[in-house]
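# Understanding the architecture of this molecule
Next come the chains, spelled out residue by residue.
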Amino acid sequence: MDDIVTQSRLSLVVRLVGLLVAGGLAIANIAIGINQGMQVQLAVLTGLATLAITAWVWRFLALQFVPKHHLTREEEPTLAEEARNVWRNHKYATIALGLLAAGFAILSVTVSGFFNIYTVISAAILLTILVMTLKYSHLMLQYRSSFIGLMVLAGLFSVGAMTVEGFASSGNVRSMLIFAAFLGLACTGQTLVALVGGLDLSIPFVIGSANVALSYILSLGVPSPLAFAIVIIAAGLVGLLNGALSFKLQGQALIMSLGVGFAVAGATQIATIWGAQHAGSLFGPVPEWLSNMAAMNGTTFGMNFPAVILIWIVLAALVILALKFTVYGRYLYAMGVNRTSAGRVNISERRYWYGVHVISGVFSGFTGALLLGWSGGGFIGIGDPYLFMTIAAVVVGGTSLLGGVGGYGFTVIGVLVLQVLTSFLVGIGLDFEWQQFVFGLLILPMVALYARSPHIRTQI
Amino acid sequence: MFSEGQAPTRRKGDTSGIGLLMPITLLFALLILAALRSPSLISASGFGSATIVVAPLILATYALMATVIAGRGTVDLAIGPLIGFINVTLIQVTALGMPQNIFVVFGFCILVGVAYQIAMALIVIYVRVQPIIVALSGYLALTGINVVIQPRPGGMAPEFMANWGFGTTIFSPILLILVLATAGWLLFKRTAFYTHLRLMGSDERAAYTSGVPIVKVRIGAHVMSGIFAGLAAICFTALISSGDPSQGTNYTLSAVTALVLGGAALGGGRASVAGCLLGAVNIYLISYSLSTFNFGSMQSYVTQLSYGVVLVGSLLLTLALPHIQRRIRSFSPALFFVALSTVALSVGLHTVFDYQDLVPVMGDAMGAPELYGSLLIANPTGEQGGLLGNLLGIAFVGVTLPIMLRSLVSGSSRSNVQVAVYVFLAALIFLTIYALSSGFGGVSISLGAN
């Protein structure tokens, strides 16, 4: 009973403070709302919502922070002692919180127009998500990364909708989904290769080559479905070559696929521009159905979005289900976790290694061909962003690069997170180089939340 | 593959003798091709400019090597953007009025490189994220921030660097940096720290249980890498004598390719300085040889294609090496190196001294006589030059043959490839001095004739 008494005594104070803070925030909210010309009912409603959410979150957090185990203690700890314990146990969290608040305050003071109701709400959302992720993610053993990914996605989207005008409009969502579809298709092979412990760096080069090659074959007058099929089969063959060459050298598969990619991109360019004056891009006829399938203004069965989104969703569902429920899918995980034991139950390492590379090649070729429909002209460099984006989406989603852990569902979340983040960064007016910078800085903490390897002393 | 256990006759485990077979062969094949295609390489300015161009790549490869040895697949993809970052920050702080003292500039570059690498090491050690992910985010972040710091190429390099990038002589400060860096690495190999590093790279658990301070060793490896990155950035700045936010990024892929060409294991524990040096020089020679052919608009794609093919080929060759090793028991890289360098040098001398009648014709035909200026000066008359060349060739073979015989007799498997590098460097220096002196001699003779 002892600890319950102390807890309630401390949390009474804490709750009172919390109520005060929540009330203050709610009043400020209403005042600002009315001041900005909002409808009075609406302002009061949002104020009440703020009050409720803040009070609940405060209570929730306060209960988390109060120490619970005092049964061994003889005398009842005093309030001061209790507070000291709380401080000692949650020093770093409090300091971090303080630093965040200080940063926010500094930004509000220095950047004019930064402090408005939307940024305050966004900051509150981000903070809530941060705390919830930190608090709950350790409860999940299997789906931690997808939980974190979804939280980040929700946070990013709501913050984006709050701060960027037109962020949640149907047009923007559609364009985000189109880019996500391209990236997601390109990531399919990367995920499967990562599941068996490899990395395929040839993907961007195959995408670029397929893009240029399709444009070239079409300009020769080959019927478009046939040209499409030729390109995809050729891409599959490149994947097969990649798998065959790197099978015996799996430790160096990264570099091997890079070499194959270089060779393929170079060879394609030489083949397509032999004798041509200008290099790098090709302009030819793009069939109607292809551009309808991938371009921004395409339609699917009369609906107002291009088919590539639907294709991605269907393929993603298929891949996820196949990985989860088919024998092939389960064997893939078995091989990724432990080659030797997979070999003992007659899983052919060679077959699966070749297989994932062929799939990777086919999907890269498919992406490259679809990108022709999107852009309207062949360009070898169109795959370049996919070199790091595919890896980033895979690791941000939560598939381990060491193999055996993860899946395509995780990658889908990773793709969406990266895409929404890009769109958000574009929306707040950052240039491409700043986007890259922020991306680089954000990937690390996102991965660090769940993909930390154990300390060396636990591996002995 | 070439661990100490499998090669009991080899005293020093990490000069993976037969692993250098491929890089050395490729080096001389390319050298001969380059010399035949474009004799201007075999001249003081040819060597000089080659050194200037290849120096950043070699140093970037060394920087990669230091962390690759440390294991965990630490291929620092951010090395190219890091070179670019140091380059643009150096240009910016120079413009802001940092003292243009050589020590200050070197200190600044090395400090920035080391600071970045230490940050990366701390993340790898304490956050325990896979190094490839740290490298990836570093790549993205640095590529972005480089353009922010300096949006477009421009600016002025520190003044004292102004004439470093001319490449008119062999003995440039760049060569000195290269030699010092290589020598520094060779000295570093003799320390216990290096043994710890290799042990950690091969098997981190074994290293930890044997009491190797793995935290310190990993940080140390990254510090080495940072120092080399700083030096690479200095050479890069001297090469372009300005700031360029995007050019440095290209070094990532070339340096990784060079590392693999040189036979390093990306898994960790094994890499040799000779291999890295040869790999980087090979990469340069590939693009140099290709640039002598005229592919027009396809030039860059031909280069790309051949990079890819060479990369794949050299990786596949590592599969064949155990078989070769079974056939050839006592392969000596040093002997092989000296033998091939004799051949290459005779070809070089042949092109320099026997093609001279053709040279003016070629120069006129290609509309670029100034390219062959050094050669024209270097050759007074056809007959005399040819005679000189032959004499020199004979002398060189006369000097190297005894060395080869001596190595053959005294147990070739023990010899170390570093000896070969020294011999080759010495031979190059002799050749250069000769070429220079005969060049000046040629001028004086022609002046005298006038």
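The structure displayed is predicted, hence computed values, not measured ones. (Residues numbered from 1 in each chain as written. Chains lettered and ligands numbered in written order. Predicted model: local features only at pLDDT ≥ 70, side-chain atom pairs only at ≥ 80, totals over all residues.)

Along the backbone of chain B there are 17 helices and zero strands. Per-residue burial over chain B gives 50% buried out of 450 residues. A sequence separation of at least 24 residues applies to 83% of the contacts in chain B between residues at least 6 apart. (Helix = DSSP H or I, 4+ residues; strand = E, 2+ residues; numbered from the N terminus. Buried ≥ 20, exposed ≤ 12 C-beta atoms within 10 Å, placed from the backbone. Contact = placed C-beta atoms within 7 Å.)

Secondary structure summary: chain A contains 18 helices and two strands in total. Within chain A, buried positions represent 41% of all 460 residues. Taking the contacts inside chain A whose residues are at least 6 apart along the sequence as the reference set, 74% of them involve residues at least 24 apart.

Along the polypeptide, Ile234(B) turns up in helix α9 (residues 214–240). When the C-alpha atoms of Ile234(B) and Ile110(B) are compared, they prove to be 8.9 Å apart, with 124 residues separating the residues in sequence.

It is worth spelling out the nonpolar core at this point. Generally speaking, soluble globular proteins have nonpolar side chains that are buried together. In terms of nonpolar packing, the biggest core is built from 231 residues, with Val231(A), Leu59(B), Phe228(B), Ala232(B) and Cys235(B) touching the most fellow members. Examining the composition of this core, we find that 15 residues originate from one element, α9(B), more than from any other. Not counting residues within four places of it along the chain, the set of residues in contact with Val231(A) comprises Ala210(A), Ala213(A), Leu214(A), Ile217(A), Gly365(A) and Ala369(A). (Core = buried A, V, L, I, M, F, W, Y, C linked by C-beta atoms within 7 Å.)

Next up on the list: helix α13 (residues 327–337) of chain A. Each α-helix turn comprises 3.6 residues. Residues three or four places apart therefore point the same way. Residues and elements named next belong to chain A. Listing the buried residues of α13 in full gives Leu332, Met335 and Gly336. Here the buried residues of α13 occupy an arc of 100 degrees about the axis, which is enough to place them on one side. Its buried side turned inward, α13 meets α7 (170–195), α12 (307–325), α14 (339–344) and α15 (349–375). (Arc of directions from axis to C-beta.)

All names here are of chain B. Structurally, Val217 can be placed in helix α9. Here the alpha-carbon distance between Val217 and Pro81, two residues 136 residues apart in the chain, equals 25 Å. Among residues more than four places away in sequence, those in contact with Val217 are Phe193, His196, Leu197, Met200 and Val212.

A word on the confidence of the model for chain B. Residues and elements named next belong to chain B. Mean pLDDT over chain B works out to 75, with 71% of the residues at or above the 70 mark. In the model, residues 1–15 has pLDDT below 50 throughout and makes 18 contacts with residues more than four positions away in sequence or in other chains. This stretch, residues 439–450, has a pLDDT under 50; its non-local contacts, to residues over four places away or in other chains, come to nine contacts. Listed scores for the predicted complex are pTM 0.74 and ipTM 0.71. (pLDDT = per-residue confidence, 0-100.)

Listed as interface residues are 42 residues of chain B and, on the opposing side, 46 residues of chain A. Counting only elements with at least two residues in the side of chain B that touches chain A, the list comes to α4 (102–127), α5 (131–149), α8 (204–209), α10 (251–261) and α12 (299–327) of chain B.

The phi dihedral of Asn346(A) is positive, around 65 degrees, even though this residue is not glycine. Assignment of secondary structure puts Asn346(A) in the loop between α14 and α15. Judged by local crowding, Asn346(A) falls into the exposed class, with 7 C-beta atoms found within 10 Å. Positive phi is not limited to glycine here, since Arg128(B) has a value of about 60 degrees. Position of Arg128(B) among the secondary structure elements: in the loop between α4 and α5.

Further remarks concern α7(A). Residues and elements named next belong to chain A. In this model α7 runs 35 Å from its N-terminal to its C-terminal C-alpha over 26 residues, within 8% of the 38 Å that 1.5 Å per residue would give. Where α7 bends most, the angle comes to about 35 degrees, and this point is Cys187. In the segment just after α7, Gly197 is the residue with positive phi, at about 90 degrees. (Expected span 1.5 Å × (residues − 1). Bend = angle between axes of the 7 residues up to and from the residue.)

Turning our eyes to something else, we now look at the packing of helix α8 (residues 203–219) of chain A against helix α10 (residues 253–272) of chain A. Residues and elements named next belong to chain A. Direction vectors running N to C along α8 and α10 enclose 15 degrees, while the axes themselves pass 8 Å from each other. The angle between α8 and α10 places the two elements in the roughly parallel class. You can see that α8 and α10 cross each other, and the crossing is left-handed. Mapping the contact onto sequence places Pro204, Phe205, Val206, Gly208, Ser209, Val212, Ala213 and Tyr216 in α8 and Gly261, Phe262, Val264, Ala265, Thr268, Gln269 and Thr272 in α10. Along the lines of polarity and charge, the residues of the contact of α8 with α10 split into nine nonpolar, six polar and no charged. (Axes fitted to C-alpha atoms, helices over the stretch in contact; angles between N-to-C directions. Parallel < 35°, antiparallel > 145°, perpendicular 65-115°, else oblique. Left-handed = near helix turned anticlockwise from the far one by under 90°. Nonpolar A, V, L, I, M, F, W, Y, C, P; charged D, E, K, R; others polar.)

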